[in-house]
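# Overview (structure and organization)
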Amino acid sequence: MASVFSSDGLQGRRALVTGGSAGIGLAIARSLSAAGADIVITGRDARAGKVSAEFGGKFIAFDVADPNGAQSCRDEIGPVDILINNAGVDQHGFFTNSDLDEWRRLLDVNLTGVLSVTRAFLPDMQDQGFGRLINIASEAGRRGSRGGSVYAAAKGGVIAFTKSIARESAKFGVTSNVVLPGPVDTPLLKKAIEKGGEKILGAMTGATLLGRLGTPEEVSGLVVFLASDEASFITGEVIGVSGGMGV
Ligand SMILES: NC(=O)c1ccc[n+]([C@@H]2O[C@H](COP(=O)([O-])OP(=O)(O)OC[C@H]3O[C@@H](n4cnc5c(N)ncnc54)[C@H](O)[C@@H]3O)[C@@H](O)[C@H]2O)c1
C-alpha cells in the first residue's frame, strides 16, 4: 500500500475538486496533485482554467447550481476515485432581511450543488468498488451562524447528507466524510471582511481557540489524508479544521 506521506501516495487515483480555482479548493487540488493524484478542477469561470495548468490538472467550467452541469462534466471526463465537493458561496446579513432569491442562491450552490455533483459521480465509485467522497461544509453547519443562517442551514444539510451517503455506500467500498473549516484566509473570507471590517475579523478569530485565521493548506492536509488508503476505516465523520471552534 503506497503511503500518502510519500509523494506518490495517491498515484493512479483520479480526483475532482469543485471550485478548485481559488482558496481552499486550489490548495486541495495542489496537495492532491503533490501526493500523485491526477486532478480535474471545476469552476464557474473558464478564465480560471489557467491555474490548473500549474499542476498539470484539467479544468472543466460549470456552475454547480446548474442541475445539468455535473452530469455533462461526468460525461466528458468519465469516472473519478476521489470527489471533493468544495465549491461554495457565503452571504452575510440577518435572516429577517433575507428573501427567497437569496435563500435559493445559497441553497442551490451550497447544498443542491453537492447533491448534483455527487449524483453524477457516486454511481461510478460504487460500481468500481472504491471511492472517497469528501465534502467541505463549515463549522457554521454544526454551530449555527449569526448573520449566516441560510448558509449554515445549507452546510448543516451537507453534514447530514455526508453521513447518509456513508451509510448507503460503505458496502461498495466508498467512504464519505465532511470537513468543517473555521475562518480560513481565502478570497471568500476577504469579501466578508471587506463588508464587515475589522469587527468581523475579530469576531471570527476570537471564536477559535487558537485566536487566528487558518490557511487553505491547513485544510488540504486533512483532505489528502482522508483521500488516502490510510483513511480506509474512517467514514461518516465530521471533522473540524477550525482552530478549536467546534469545542
Ligand atoms: N474561507 C472560509 O473561512 C471558509 C469557512 C468555512 C467553510 N468554507 C467553505 O470552504 C469552501 C471553499 O471556500 P473558499 O473560502 O475557498 O471560497 P473562495 O470563494 O475563495 O473559492 C470558492 C471556489 O468555489 C467556486 N464557486 C463558487 N460558486 C460556484 C458555483 N456556483 N459553481 C462552481 N464553482 C463555484 C469559486 O469559483 C471558487 O473557485 C466553500 O464551500 C466554503 O463555504 C470556507
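Up top is the structure.
Read on for a plain summary of the structure. (Residues numbered from 1 in each chain as written. Predicted model: local features only at pLDDT ≥ 70, side-chain atom pairs only at ≥ 80, totals over all residues. Heavy atoms only, no water.)

It is worth spelling out the site of the ligand at this point. As a matter of local geometry, the ligand sits amid 28 residues, with Ile-24, Asp-63, Asn-86, Tyr-151 and Thr-186 nearest to it. Take Ser-21: an N or O atom from its side chain is 3.1 Å from an oxygen atom of the ligand. Note that an oxygen atom of the ligand is positioned 3.4 Å from one of the backbone N or O atoms of Leu-188. If the ligand stood free it would expose 820 Å²; the protein chains cover 94% of that surface. Looking at the shell around the ligand, the elements that each hand over two or more residues are α1 (23-34), α6 (149-169) and α7 (187-206). Looking at the shell around the ligand, the element that brings in the most residues is α7, giving 3 residues. Residue composition of the shell around the ligand, grouped by class: 16 nonpolar, 9 polar and 3 charged. (Near = heavy atom within 4 Å. Polar contact = N/O pair within 3.5 Å; in protein donor to acceptor, adjacent residues only side chain to side chain. Areas by Shrake-Rupley, 256 points an atom, 1.4 Å probe, with all protein chains shown as cover. Helix = DSSP H or I, 4+ residues; strand = E, 2+ residues; numbered from the N terminus. Nonpolar A, V, L, I, M, F, W, Y, C, P; charged D, E, K, R; others polar.)

This brings us to α6. Between the first and last C-alpha of α6 there are 30 Å, a value that for 21 residues agrees with the 30 Å anticipated at 1.5 Å per step. Within the sequence span of α6, burial applies to Val-150, Tyr-151, Ala-152, Ala-154, Lys-155, Val-158, Ile-159, Phe-161, Thr-162, Ile-165, Ala-166 and Ser-169. Buried residues along α6 sit in contact with α4 (100-128), β5 (131-136), α5 (140-143), β6 (174-181) and β7 (238-241). (Expected span 1.5 Å × (residues − 1). Buried < 20%, exposed > 50% of the residue type's maximum accessible area, 1.4 Å probe, protein only. Contact = heavy atoms within 4.5 Å.)

What follows deals with empty space enclosed by the protein. According to the stated counting rule, one finds 2 cavities of 30 Å³ or more in the structure shown. Estimates place the volume of the largest cavity at around 40 Å³. Elements represented by at least two residues in the lining of the largest cavity include exactly α4 and α6. Looking at the lining of the largest cavity, its residues break down into 4 nonpolar, 6 polar and 1 charged. Taken as a whole, the second largest cavity holds about 40 Å³ of empty space. Contributing to the lining of the second largest cavity are Thr-18, Val-64, Asn-85, Asn-86, Ala-87, Val-109, Gly-113, Val-114 and Val-117. With 4 residues, the top contributor of residues to the lining of the second largest cavity is α4. (1 Å grid on protein atoms, 1.4 Å probe; cavity = no way out; pocket = protein on both sides within 12 Å on 5 of 7 lines; lining within 4 Å. Points joined across faces, edges and corners; volume = space filled by probe spheres on them.)

Function-wise, these values are silent; they only describe arrangement.
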